[in-house]
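Structural description and commentary
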Amino acid sequence: MDNPRVMVVLPTYNEAENLPRMIEAIHNLHLPNLHILVVDDNSPDGTGRIADEWTQRFPDTLHVLHRTTKEGLGAAYLHAFKHALSLDADYIIQMDCDFSHQPRYLPAMIEQAANHDLVIGSRYIKGGGVDERWSFYRKALSWFANRIYVKTLLGVPVNDATGGFKLWKRATLIGLDLERIRSNGYIFQVEMTYIACRLGYKVAEVPIYFPDRELGHSKMDTNIAFEAALRTWQVMFRHHNLTPAKRRSEAYSL
Ligand SMILES: Nc1nc2c(ncn2[C@@H]2O[C@H](COP(=O)(O)OP(=O)(O)OP(=O)(O)O)[C@@H](O)[C@H]2O)c(=O)[nH]1
Ligand SMILES: [Mg+2]
């Protein structure tokens, strides 16, 4: 595809410090035809207002979607994905706005999109990794969850199914049928990836280093991880009957 329109979706909840740095870092890559869509859930720290202010600097390429209440990352992404499709995006990239997902990987991901349907930034393939300050126990648990547990249970050729740094081709996102997605929270990433694999979409993994957020507070804990491990079963039972014939064919009408 010549000159695809790339839409980077940044979900934000209290990222007032990170958002301006993130917008600048992405723009400094000087990637052609690149847009940013911020989806903010009425952050108490004013992130949504800051996003609006920055549209004055990038009036053609920065878009902001305001949601009235915090409904979780999954709900924000589903809303933003439909909006990105309505803005004629060809490649839709989802990434956290706290620098755990680093803009420097965007060129490699975009390159892989030329001959894949979904590109995943992967912590658990050669060349990837997680924050070096993580304890041995936390690293081992996360590696096991992704490389062994989820991969084996779901039978997907993906080494980082819980990762949230992804590039979706337009046709993949439509074919997936976003109405099928039931989860919010951490397992949302797994459900999206699993459905894409069941529908036969071709996946590439790009190695990424995943540092912890630099600014703001982390809320990841073992309860969240444990719940996600159980919910993986739910995702499997819900979607294991999907086949490529069940891809959605029509675009969304908003
Ligand atoms: N719009 C929206 N964005 C959210 C919501 N929850 C989290 N986010 C954003 O989604 C991205 C990922 O969330 P994080 O809070 O970093 O989640 P995490 O990486 O699992 O946990 P941390 O260790 O805290 O970084 C960040 O850019 C958040 O600001 C939400 O309910 N709505
Ligand atoms: Mg984070």
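Scroll up to find the structure this text is about.
Let us look at the structure shown here. (Residues numbered from 1 in each chain as written. Chains lettered and ligands numbered in written order. Predicted model: local features only at pLDDT ≥ 70, side-chain atom pairs only at ≥ 80, totals over all residues.)

Overview of the overall build of the protein chain
What counts here: Per the convention used, a helix needs a DSSP run of H or I reaching at least four residues, while a strand needs a run of E reaching at least two, with both numbered from the N terminus. Note that the radius of gyration is over C-alpha atoms, with the globule rule given as 2.2 Å times the number of residues to the power 0.38.
Regarding its fold elements, the protein chain presents eight helices and nine strands. Relative to the globule expectation of 18 Å for 254 residues, the C-alpha radius of gyration of the protein chain, 17 Å, shows essentially globular dimensions. Its C-alpha atoms put the protein chain at 50 × 45 × 35 Å along the principal axes.

Considering the environment of Pro44
One can find Pro44 in the loop between β2 (34–40) and α2 (47–54). Taking the C-alpha atoms as reference points, Pro44 and Ala113, separated by 69 residues in sequence, lie 36 Å from one another.

A look at the sheet that holds strand β4 (residues 91–94)
We count it as follows: When DSSP finds two or more bridges between two strands, those strands count as paired. Note on geometry: axes are lines fitted to C-alpha atoms, helical ones only across the stretch in contact, with angles between N-to-C directions running from 0 to 180 degrees. Note that contacts rest on C-beta atoms placed from the backbone: two residues are in contact if these are within 7 Å.
Strand order in this open sheet of seven strands is β3-β2-β1-β4-β7-β5-β8, and the pairing throughout is mixed. The sheet is open, and its two borders are formed by β3 (62–66) and β8 (203–207), each paired with just one other strand. Strand-to-strand, the axes of this sheet are offset by a mean angle of 20°, without reference to chain direction. Along the sheet, α2 contacts β1 (6–12), β2 and β3; its crossing angle with β3, the most-contacted strand, is approximately 150°. Contacts from helix α3 (residues 73–86) reach β1, β2, β3 and β4, with the element oriented near 155° to β1.

Describing unusual backbone geometry
Notably, Asn33 is not glycine yet its phi reads approximately 55°, a positive angle. For Asn33, the location among the structural elements is in the loop between α1 (18–27) and β2. For Asn42, which is not glycine, the phi dihedral falls at a positive 55°. Tracing the chain through its elements places Asn42 in the loop between β2 and α2.

Description of the packing of helix α5 (residues 136–154) against helix α8 (residues 222–239)
Stated formally: Should an angle fall under 35 degrees it is called roughly parallel, over 145 degrees roughly antiparallel, and 65 to 115 degrees roughly perpendicular, with every other angle called oblique. The sense of a crossing depends on the near helix, which, turned anticlockwise from the far helix by less than a right angle, makes the crossing left-handed and, turned clockwise, makes it right-handed. Residues are grouped as follows: nonpolar covers Ala, Val, Leu, Ile, Met, Phe, Trp, Tyr, Cys and Pro; charged covers Asp, Glu, Lys and Arg; every other residue, Gly included, is treated as polar.
Taken N-terminus to C-terminus, the directions of α5 and α8 make an angle of 20°; their axes are 9 Å apart at the nearest point. Compared by their axis directions, α5 and α8 come out roughly parallel. Taken as a pair, α5 and α8 cross one another with a handedness that is right-handed. Only Ala225, Ala229, Thr232 and Met236 of α8 make contact with α5, whose side of the interface consists of Ala145, Tyr149, Val150, Leu153 and Leu154. Of the residues that constitute the contact of α5 with α8, the class distribution is eight nonpolar, one polar and no charged.

Points about the pairing of β1
Inclusion rule: With C-beta atoms placed from the backbone, a residue counts as buried when 20 or more other C-beta atoms lie within 10 Å of its own, as exposed when 12 or fewer do, and as partly exposed for counts between those limits. Think of it like this: strands point away, you trace from the first strand over the helix to the second, and a clockwise trace means the crossover is right-handed.
When you tally the buried positions in β1, you get seven out of seven residues, the bulk of the element. Taking every second residue as pointing to the same face, both faces of β1 are buried, with Val6, Val8, Leu10 and Thr12 on one and Met7, Val9 and Pro11 on the other. As paired elements, β1 and β2 share seven bridges and run parallel to each other. By the bridge assignment, Val6 is partnered in β2 with Leu34. Taken together, β1, α1 and β2 constitute a β-α-β crossover, and its handedness is right-handed. Pairing of β1 with β4, which is carried by four bridges, proceeds in the parallel orientation. Residue pairing for β4: Val9 is matched across the bridge by Gln94.

A few points about α3
One turn of the α-helix equals 3.6 residues, which is why residues spaced by three or four share an orientation. Threshold: Given the number of residues in a helix, its expected span is that number minus one, multiplied by 1.5 Å. This arc is built from the directions going out from the helix axis to the C-beta atoms.
For α3, with 14 residues, the first-to-last C-alpha span of 20 Å sits near the 20 Å given by 1.5 Å per residue. The set of residues buried in α3 consists of Leu73, Gly74, Ala76, Tyr77, Ala80, Phe81, Ala84 and Leu85. Down the axis, α3 shows its buried residues gathered within 160° of arc, on one side only. Packed against the buried residues of α3 are β1, β2, β3, β4, α6 (170–176) and α7 (188–198). In the stretch just after α3, Asp88 is the one whose phi turns positive, near 65°.

Some details on the packing of α1 against α2
Between α1 and α2, the shortest axis-to-axis distance is 9 Å and the interhelical angle comes to 35°. You can see that α1 and α2 cross each other, and the crossing is right-handed. Residue-level contacts link Leu19, Pro20 and Ile23 of α1 to Thr47, Ile50, Ala51 and Trp54 of α2. Here the residues of the contact of α1 with α2 sort into six nonpolar, one polar and no charged.

Notes on the pairing of strand β5 (residues 118–122)
The element β5 is extensively covered by neighbouring structure, given that five of its five residues are classed as buried. By the alternation rule, side chains of β5 split into Leu118, Ile120 and Ser122 and Val119 and Gly121, which are all buried. In this sheet, strand β7 (residues 166–169) lies alongside β5 in antiparallel orientation, the contact comprising three bridges. Bridge pairing in β7 places Val119 opposite Leu167. Two elements, β5 and β8, share five bridges in a ladder whose sense is parallel. By the bridge assignment, Leu118 is partnered in β8 with Val203.

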